[in-house]
Structure formats: structure tokens, C-alpha cells
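Coordinates in review
Listed below, chain by chain, are the residues.
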Amino acid sequence: ECEIFERDVKVRNQKAKEKHEAARLKLDQERIAIDESRRQQLQCKVQDKEAEKKLGELYAKELIRTTTEQQDMERQKQLAKRKQDIELRKKQQQQIREIERRQAKEKADNLK
């Protein structure tokens with residue numbers, strides 16, 4: 001009877017140890033899963049920050065490019081306007097000279 005009792009106690013103790021070990025293993029696995037999840041979240045945050053930084057850099061480059069293009073287009077418009085103004089002045093000066101020649105010729109003809 002004593003042997004049976006000791007055996008039962010050993011079996012109960014063994015089952016308790018196994019149950020405790022199984023619970024400990026389960027907790028360890030859960031901790032590992034939580035740690036992995038945290039690691040992945042942190043990695044995602046880092047990747048998001050890097051992507052935001054790259055996007056910001058691309059936006060800045062695009063803004064510089066479009067600003068430069070706009071400035072170039074504005075310069076070209078200004079140059080075209082200047083050329084047009086110069087051509088217009090030349091035509092006006094030619095017209096004035098032509099009128100002055102005509103008037104001088106008329107004056108000379110009138111004096112004759």
C-alpha cells in the first residue's frame with residue numbers, strides 16, 4: 001500500500017512537472033511570438049520612415065526640377081519678348097526714316 005501511495009505521488013509529481021514544463025514552454029513560445037511581432041513592427045516603422053524620407057527627397061527634387069523648368073520657360077518668354085520688342089523698334093525706326101525721307105523729298109520737290 002505504501003509503495004502504491006509513493007508511486008501515485010511520484011506519478012502526480014511527474015504529471016505536475018510535465019504540466020508545469022508544458023506551461024513554461026507555452027509561455028516561452030508566446031514570448032518569442034510577441035518578441036517577433038514587436039521586431040516586425042519596429043522593422044515596419046523603420047521601413048516607413050525610410051520610405052517617407054525617400055518620398056520627401058523625391059518631392060524636393062521634383063519641386064526643384066519643376067521650378068527650374070518654370071524659370072527656364074520664363075527666361076525664354078522674356079527673351080522672346082525682348083526680341084519681339086527689338087524687331088518692333090527696328091520696324092518703327094525704318095518707318096520713321098521712310099517718313100523722314102518722304103518728307104525730305106517732298107520738301108525738296110516743293111523747293112524746286
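Residues numbered from 1 in each chain as written. Predicted model: local features only at pLDDT ≥ 70, side-chain atom pairs only at ≥ 80, totals over all residues. Heavy atoms only, no water.

Further remarks concern the overall build of the protein chain. Of the regular secondary structure elements, the protein chain holds one helix and zero strands. Its C-alpha atoms give the protein chain principal-axis dimensions of roughly 165 × 10 × 5 Å. A total of 112 residues make up the protein chain; the buried ones form 0% of that total. Taken as a whole, the protein chain presents about 11400 Å² of accessible surface, with 54% of it coming from carbon and sulfur. Taking the average location of the 31 positive side-chain charges in the protein chain and that of its 24 negative ones, the two points are 10 Å from each other. (Helix = DSSP H or I, 4+ residues; strand = E, 2+ residues; numbered from the N terminus. Buried < 20%, exposed > 50% of the residue type's maximum accessible area, 1.4 Å probe, protein only. Areas by Shrake-Rupley, 256 points an atom, 1.4 Å probe, with all protein chains shown as cover. Lys, Arg positive; Asp, Glu negative; His and termini not counted. Charge placed at Lys NZ, Arg CZ, Asp CG, Glu CD.)

What follows is about the pattern of salt bridges. The tally for this structure, following the rule as stated, stands at nine salt bridges. The residue Glu21 makes a salt bridge to Arg24 at a minimum N-O spacing of 2.4 Å. Of the two residues, Glu21 and Arg24 both sit in helix α1 (residues 2-111), three residues apart, roughly one turn of that helix. With a relative accessible area of 32%, Glu21 lands in the partly exposed category. For the salt bridge of Asp28 with Arg24, the shortest nitrogen-to-oxygen distance reads 2.9 Å. Placement of the pair is Asp28 and Arg24 together in helix α1, with a separation of four residues, close to one helical turn. Overall, Asp28 belongs to the partly exposed group, its relative accessible area being 23%. (Salt bridge = Lys/Arg side-chain N within 4 Å of Asp/Glu carboxyl O.)

Mapped onto the secondary structure, Lys15 falls in helix α1. C-alpha of Lys15 to C-alpha of Glu62: the two residues are 47 residues apart in sequence and 69 Å apart in space.

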